[in-house]
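Chain by chain, the residues run as shown.
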Amino acid sequence: MSVSNSVFSSRIKGSLRGVTLLALTALTTLTAVDVYSAETGTLQAAADSLSASKVKSVAFTGSGSWYQFGQAPSPTTAWPKFDVSSYSATINYETAAAHVQITRKQAIEAGRLRPAPVEQKADQYVNGTTAWNIGGTPVAAQPQPAAVEEREAEIWTTPQGFLRAAAANKAASTSVNGGTVVSFTLGGYRYVGTINNQNQVESVQTWIDNPILGDTTYETSYSDYKAFNGVNFPTHIVRKLGGYPVLDLNVDSVSINAEAKISVPPEVSSASAPKITVTSDQLAPGVFYLKGGTHHSVAIEQKDYVVLVEAPLNEARSEALIAKIKEIIPNKPITTVVNTHQHFDHSGGLRTFVDAGATIVTQQLNKPYYEKAWAAPHTINPDRLAKSHKAAKFQTFGDNWILTDGRRFIEIYQIAGSGHNDAFALVYLPGEKILIEADAFTPTAVGAPLPSPVNPYTVNLYDNIKRLNLDVQQIAALHGPRVTTLADLKEAIGQSSIAGK
Ligand SMILES: [Zn+2]
């Protein structure tokens, strides 16, 4: 699924962080000058060199590359690249607010069949503990609570932002070869930066929470500093999140202390926290389509236990799924969770089921990925597994696997040759003729226009259905508004008589 970074971040720490950020804002405003005058050594020299105490806001533009975090096409590759034709950021250090606009288009990897790239425009805001986007049809402000951490990190890791926050938060400095390492804690988040011997901030690292990666490294390096109206600012910015690039920007304009009023829209400040809902539709006896929000799952009742297909998003979603399953299938444990692929929006809830004692069924390439990722510390937002430290149980497969209680068969097949992901699975119930799949075919609402041009992932899914000789009657897609049929899938790829093929 094509979604912005923010979807993959988990909940933030809530009000504690809010209080601290506000405190920081006040402290920075009131005492920055005093702190700088009292400070000696590298931090002072860098602050002078970058005019940190004078820079209340910065706006910069550029172009380069952006990469979609959590959507690697295989468990062993970097995040997929998008070409950025324009990037513009406005950051207000006094109000801890930022506005970033990105125009980007996916850069398709050689040999990988993906949908034809379309230009995307992201319009993202944060102010203290409130994040929102402007977009959609009709255009509206959309709260983005899961994006607060990442967007605040962008503010305090910029060179001037880092130096201002260092001055306001009793930073510690240590000399290292060729520079100085400066570190401090802000709102429970640790920041560590390196200042080089030219008094430039060379890199800054912090850590934000992610449901899969835990404490996730957010590291930005700055180079090729130039003076813009007397203020030094880097013209090359490279950022990595979770070890792989998310941004590589060549800066072409910088303006200092320009108007940077970034106010929370009233409809965002008055919005209540989104409710997590799970609804259940029975597709066949003991087969429940669990919908709600953007990502769905399917619960399958076996003789003595429950098999769940997909644990998307995060622990909150998993807790809601567990509660719903208890209600519709009482007194049977969820012993098995089938994972379609490792994109973060489809695997972010798995850790909760590991803690609950379930076995994770996934394509064999994914197991080492999860084992490594899940071993990382989860100190920012500890989840159930971070507290229980239970070992994950896996059942892996290459081309296919069958789960059965002797009565109902649950067949799992690798979706071969899909450009979406290299370790990608579908689930088929031969007794009920039900296909369960994610991201290969997402149905549209009744009467909505069909995808145009045709989505190659859907064509590939159809090829796999034919290759495997699956007799499909219902399709329970893990995105989208409704259960469909093979005829709907064929129509979406122009193969039906209705579409004139
Ligand atoms: Zn996906």
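Note that this is a predicted model, so its numbers are computed, not measured.

Q: So, the coordination of the zinc ion: which residues are in play, and what are the values?
A: Protein coordination at the zinc ion comes from H341 (NE2), H343 (ND1), H420 (NE2) and D439 (OD), with a distance range of 2.0 to 2.2 Å. Taken together, the four donor atoms coordinating the zinc ion span angles of 88 to 171 degrees at the metal, a pattern that classifies the geometry as irregular. Binding-site remark: the zinc ion is held by donors from one chain whose sequence spacing is H-x1-H-x76-H-x18-D. A residue pair is termed long-range when its members are at least 10 positions apart, and H343 in the loop between β18 (334-338) and α7 (344-347) and H420 in the loop between β22 (409-414) and β23 (425-429) qualify at 77 residues. H420 matches H343 in its accessibility class, with the two residues each being buried.

Q: I'd love a proper account of the packing of aromatic side chains, names of residues and values included.
A: Scanning the model with the defined rule gives 15 aromatic pairs in all. Relative to Y87, the ring of F60 lies with its centre 6.4 Å away and its plane at 25 degrees, an arrangement referred to as stacked. Separated by 27 residues along the polypeptide, F60 in strand β1 (residues 57-67) and Y87 in strand β2 (residues 81-92) bring together distant segments of the chain. Both rings, one in F69 and one in F344, keep their centres 5.3 Å apart while their planes meet at 85 degrees; by these two values the pair is edge-to-face.

Q: Please provide a residue-by-residue account of the sheet that holds strand β17 (residues 306-309), values included.
A: Strand order in this open sheet of seven strands is β14-β15-β16-β17-β18-β19-β20, and the pairing throughout is mixed. The open sheet is flanked by β14 (279-284) and β20 (393-397), the only strands paired with a single partner. Neighbour to neighbour, the strand axes of the sheet diverge by 25 degrees on average, direction disregarded. Inspection of the sheet shows β17 paired to β18 by four bridges, in the parallel sense.

The rules we used
All residue numbers here refer to positions counted from 1 along the written sequence of the relevant chain. For this predicted model, a pLDDT threshold of at least 70 governs which residues receive local features, and a threshold of 80 or more governs which side-chain atom pairs are given and counted, while totals over whole chains, interfaces and linings are taken from all residues. Each side-chain value is worked out from all heavy atoms of the structure, with water and hydrogens disregarded. Coordinating donors are taken as N, O and S atoms within 2.8 Å of the metal, stretched to 3.2 Å for Na, K and Ca; because water is absent from the atoms, sites can appear incomplete. Here the metal geometry follows the donor angles, with tetrahedral for four donors whose angles all fall between 85 and 135 degrees, square planar for four and octahedral for six when opposite donors are more than 155 degrees apart and every other angle is between 65 and 115, and irregular for all the rest. Labels follow the DSSP assignment, with helices taken as runs of H or I lasting at least four residues and strands as runs of E lasting at least two, numbered in each case from the N terminus. When accessible area is computed with a 1.4 Å probe and restricted to protein chains, residues below 20% of their type maximum are described as buried, those above 50% as exposed, and intermediate ones as partly exposed. Centres within 6.5 Å are what make two rings of Phe, Tyr or Trp a pair, Trp counting through its six-membered ring; a difference in plane orientation under 30 degrees is then read as stacked, over 60 as edge-to-face, and the rest as tilted. Strands qualify as paired when DSSP identifies two bridges or more between them. Every axis in this analysis is a line fitted to C-alpha atoms, fitted for helices over the stretch in contact. Angles between the N-to-C directions lie between 0 and 180 degrees.

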